[in-house]
Amino acid sequence: AQSVAQPEDQVNVAEGNPLTVKCTYSVSGNPYLFWYVQYPNRGLQFLLKYITGDNLVKGSYGFEAEFNKSQTSFHLKKPSALVSDSALYFCAVRDPTGANNLFFGTGTRLTVIP
Amino acid sequence: ETGVTQSPTHLIKTRGQQVTLRCSSQSGHNTVSWYQQALGQGPQFIFQYYREEENGRGNFPPRFSGLQFPNYSSELNVNALELDDSALYLCASSKDRPLRETQYFGPGTRLLVL
């Protein structure tokens, strides 16, 4: 069965510092991994995805994620955090059975401190 | 913005009532998935519609039902509302069902059941 773990409910980082939001996954077969961001009272906004190929995936707004198959991880990173990056971040894995729906983690709240 | 729209934005119902939520998919997308996001949780998959047929279902009771129309817009119907149905309901559209496709989310409908 597929699962996603986001071990940190909350991450605080100072503006200008690098940020990392952690995600580990478990899925049968090839992993298809996604990161979404949710701002208050808004839907989910797609950031990036890993399907195959290069382990370092670049996405929107300067975010990138590193796929590590041996550690079954897909951590989200950004070299220099902005206050406007403060939001709720969700990691998701595509369920390869049935409808190929997304299976989400519980989310990590990122706060960037000015 | 993704081009996925949902209506209404907010809704208040009482226990036992029925509710219909609506979603218009992004242009060129023929697949709509519905998710329930309870407070403090990640989205959970309800069901998916592909070319007007239910294509998969999560762990939700039959009182959650849906439709997809020829223009690929979709409805989510919930009968006999319970207090625990209070949540943000998100729809997402994608271009076909393949594993590699990205799901793009609408802003959601916030349902409160009293």
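Right, let's talk about the side chain of Thr-109 of chain B for a bit. Residues and elements named next belong to chain B. Along the chain, the position of Thr-109 falls in strand E11 (residues 109-113). A distance of 2.5 Å separates a polar side-chain atom of Thr-109 from the backbone oxygen of Pro-8. If near-sequence neighbours (up to four positions away) are discounted, Thr-109 is found in contact with Gln-6, Ser-7, Pro-8, Thr-9, Leu-21, Ala-87, Leu-88 and Tyr-89.

What follows deals with the sheet that holds strand E7 (residues 64-68) of chain B. Each strand in a sheet pairs with another by means of backbone hydrogen bonds, the pair being arranged parallel or else antiparallel. Residue and element names in this part refer to chain B. If you trace the four strands from one edge of the open sheet to the other, you get E1-E3-E8-E7, paired in antiparallel fashion. The open sheet has two free edges, formed respectively by strand E1 (5-7) and E7, since each of these has just one partner strand. Mean inter-strand twist for the sheet, computed between neighbouring axes without regard to direction, equals 20°. The pairing of E7 with strand E8 (residues 74-78) spans five bridges and is antiparallel. In the sheet register, Ser-65 faces E8, and the bridge partner there is Asn-77.

It is worth spelling out a nonpolar patch on the surface at this point. Residues and elements named next belong to chain B. A cluster of nonpolar side chains, namely Ile-12, Leu-112 and Leu-114, defines an oily patch on the protein surface of about 300 Å² accessible area. As for its placement among the helices and strands, Ile-12 is situated in strand E2 (residues 10-13). When its relative accessible area of 59% is taken as the criterion, Ile-12 is described as exposed.

Quick look at the interface of chain A and chain B now. Taken together, the contact between chain A and chain B spans 23 residues of the former and 24 residues of the latter. Buried area between chain A and chain B, summed over both chains or domains, comes out near 1,900 Å², and the portion from carbon and sulfur atoms is 52%. Looking only at chain A, the three residues that lose the most surface to chain B are Leu-44, Arg-94 and Ala-99 of chain A, adding up to 24% of its buried area. Inspection of the region where chain A meets chain B yields zero salt bridges. The interface formed by chain A and chain B includes six residue pairs in polar contact (both at pLDDT 80 or more). Within the residue set of the side of chain A that touches chain B, elements represented by two or more residues are strand E5 (33-38), strand E6 (44-50), strand E10 (87-94) and strand E11 (102-104) of chain A. Tallied by class, residues from the side of chain A that touches chain B come to eleven nonpolar, eight polar and four charged.

Parameters and conventions
Residues numbered from 1 in each chain as written. Chains lettered and ligands numbered in written order. Predicted model: local features only at pLDDT ≥ 70, side-chain atom pairs only at ≥ 80, totals over all residues. Heavy atoms only, no water. Helix = DSSP H or I, 4+ residues; strand = E, 2+ residues; numbered from the N terminus. Polar contact = N/O pair within 3.5 Å; in protein donor to acceptor, adjacent residues only side chain to side chain. Contact = heavy atoms within 4.5 Å. Pairing = 2+ DSSP bridges. Axes fitted to C-alpha atoms, helices over the stretch in contact; angles between N-to-C directions. Patch = residues over 30% accessible without salt bridge, like charges linked within 9 Å, V, L, I, M, F, W, Y side chains within 5 Å. Areas by Shrake-Rupley, 256 points an atom, 1.4 Å probe, with all protein chains shown as cover. Salt bridge = Lys/Arg side-chain N within 4 Å of Asp/Glu carboxyl O. Buried < 20%, exposed > 50% of the residue type's maximum accessible area, 1.4 Å probe, protein only. Buried area = accessible area lost by both parts, 1.4 Å probe. Nonpolar A, V, L, I, M, F, W, Y, C, P; charged D, E, K, R; others polar.

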